[in-house]
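# What the coordinates show
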Amino acid sequence: ESFIDMLAHEAGADPYRFRRDHMREPRLLAAMDLAAERAGWGRGAPAGRALGIAAVSSFSSHVAEVAEVSVEDGQVRVHKVTCGVHCGRVINPDTLRAQVEGAITLALSYTLKHQITVEDGAVVQGNYTDYPILRIDEMPEVEVHVVPSDDPPTGIGEPPVPPLAAAVANAVFAATGVRVRQLPITPEALRA
């Protein structure tokens, strides 16, 4: 999804419109349109912030996310994530929102904090206990919007994870002109 953003930039096109012009999956398109609309894509971000978008289909579900970020002294702060979801008929809306919010927490944690380090030839991190999860004061506002559908239900646990890092990286590019090429997004990664 960051590569798609690069193509849009090279074409001189708006990243959302570029995706829209090339996307063929109608359910993913509906999720992306919903996320962009609810995030106010056409209005742009508040002063000092930038927007990035990404859209992914996985587990027969379709998720698009718009990340609103600021970058100060190389520190990335995600202020808001607006998510559009097409996962067929929703049985329990509260569970769906909780799953999406949890997936975004996990995805933001690896986008901004998780890394594998090697010391004396061995990996230092052994399990989840060695990876920091975002604290409540680091979490952005999360909005979850669902495309109404009578299609059979599909999965929702993992699908919000893949687009998040790309949406944040694309917003970082919009804010700074620097392409993120590695995770986590640290001040050092922005200088790489």
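Remember, it's a predicted structure, so these values are computed and weren't measured experimentally. (Residues numbered from 1 in each chain as written. Predicted model: local features only at pLDDT ≥ 70, side-chain atom pairs only at ≥ 80, totals over all residues. Heavy atoms only, no water.)

### A word on the overall build of the protein chain
- The helix and strand tally for the protein chain stands at 6 helices and 6 strands.
- A compact globule built from 192 residues should have a C-alpha radius of gyration of about 16 Å, and the protein chain, at 17 Å, falls within 12% of that.
- Here the C-alpha coordinates of the protein chain stretch approximately 55 × 40 × 30 Å along the principal axes.
- Counting only residues that meet the buried cut, the protein chain has 47% of its 192 residues in that class.
- Within the protein chain, contacts between residues separated by at least 24 positions form 64% of all contacts whose residues are at least 6 apart in sequence.
- Summing over all exposed atoms, the protein chain offers an accessible surface of approximately 10,000 Å²; the carbon and sulfur share of this is 51%.
- Of the charged side chains in the protein chain, 17 are positive and 25 negative; the average position of the first set lies 5 Å away from that of the second. (Helix = DSSP H or I, 4+ residues; strand = E, 2+ residues; numbered from the N terminus. Rg over C-alpha atoms; globule rule 2.2 N^0.38 Å. Buried < 20%, exposed > 50% of the residue type's maximum accessible area, 1.4 Å probe, protein only. Contact = heavy atoms within 4.5 Å. Areas by Shrake-Rupley, 256 points an atom, 1.4 Å probe, with all protein chains shown as cover. Lys, Arg positive; Asp, Glu negative; His and termini not counted. Charge placed at Lys NZ, Arg CZ, Asp CG, Glu CD.)

### Details of unusual backbone geometry
- A cis geometry characterises the amide bond from Leu 183 onward to Pro 184, with omega recorded as 0 degrees.
- The phi torsion at Asp 120 lies on the positive side, around 55 degrees, for a residue other than glycine.
- In this fold, Asp 120 is placed in the loop between β4 (118–119) and β5 (122–123).

### Considering the environment of Val 100
- Its place among the elements puts Val 100 in helix α4 (residues 93–112).
- Residue contacts for Val 100: discarding those within four places in its chain leaves Cys 83, Val 85, Val 144, Ile 156 and Pro 160.

### A closer look at the layout of surface pockets
- Approximately 210 Å³ is the volume found for the largest pocket.
- Every residue lining the largest pocket is counted, 14 residues in all, and those nearest its centre are Gln 75, Val 76, Leu 112, Lys 113 and Glu 138.
- Ranked by the residues each element gives to the lining of the largest pocket, the list is headed by strand β3 (residues 75–86), at 4 residues.
- Looking at the lining of the largest pocket residue by residue, the classes come out as 8 nonpolar, 3 polar and 3 charged. (1 Å grid on protein atoms, 1.4 Å probe; cavity = no way out; pocket = protein on both sides within 12 Å on 5 of 7 lines; lining within 4 Å. Points joined across faces, edges and corners; volume = space filled by probe spheres on them. Nonpolar A, V, L, I, M, F, W, Y, C, P; charged D, E, K, R; others polar.)

### A closer look at the sheet that holds β3
- Strand order in the open sheet formed by 4 strands is β1-β2-β3-β6, with mixed pairing between adjacent strands. Looking at strand neighbours, the two that pair on one side only are β1 (50–58) and β6 (141–146), the edges of this open sheet. Here the strands of the sheet are splayed against their neighbours by 20 degrees on average, with no regard to which way each runs.
- Where β1 meets strand β2 (residues 61–72), 9 bridges bridge the pair, whose relative direction is antiparallel. When the sheet's bridge partners are listed, Val 56 is paired in β2 with Val 63. (Pairing = 2+ DSSP bridges. Axes fitted to C-alpha atoms, helices over the stretch in contact; angles between N-to-C directions.)

### With respect to α4
- With 20 residues, α4 extends 28 Å between its outermost C-alpha atoms, agreeing within 8% with the 28 Å of an ideal straight helix rising 1.5 Å per residue.
- Along α4, the positions that sit buried rather than exposed are Leu 96, Val 100, Ala 103, Ile 104, Thr 105, Ala 107, Leu 108, Ser 109, Thr 111 and Leu 112.
- In this structure, the buried residues of α4 make contact with β2, β3, β6 and α5 (161–176).
- Where α4 begins, the side chain of Asn 92 points an oxygen toward the backbone nitrogen of Asp 94, at a separation of 3.1 Å. (Expected span 1.5 Å × (residues − 1). Polar contact = N/O pair within 3.5 Å; in protein donor to acceptor, adjacent residues only side chain to side chain.)

### Notes on the pattern of salt bridges
- One pass over the structure, following the stated rule, counts 11 salt bridges.
- In this structure, Glu 1 engages Arg 19 in a salt bridge whose closest nitrogen and oxygen atoms are separated by 2.7 Å. In this pair, Glu 1 sits in the segment before α1 (2–10) while Arg 19 sits in helix α2 (residues 15–22), placing the two residues 18 residues apart along the sequence.
- Arg 19 sits in the buried class, given a relative accessible area of 3%. (Salt bridge = Lys/Arg side-chain N within 4 Å of Asp/Glu carboxyl O.)

### Brief notes about the side chain of His 114
- Here His 114 shows up in the loop between α4 and β4.
- Taking relative accessible area as the criterion, His 114 reaches 13% and is therefore assigned buried.
- A distance of 2.8 Å separates a polar atom in the side chain of His 114 from the backbone oxygen of Pro 132.
- When sequence neighbours within four positions are dropped, the list of residues in contact with His 114 reads Ser 109, Tyr 131, Pro 132, Ile 133 and Pro 184.

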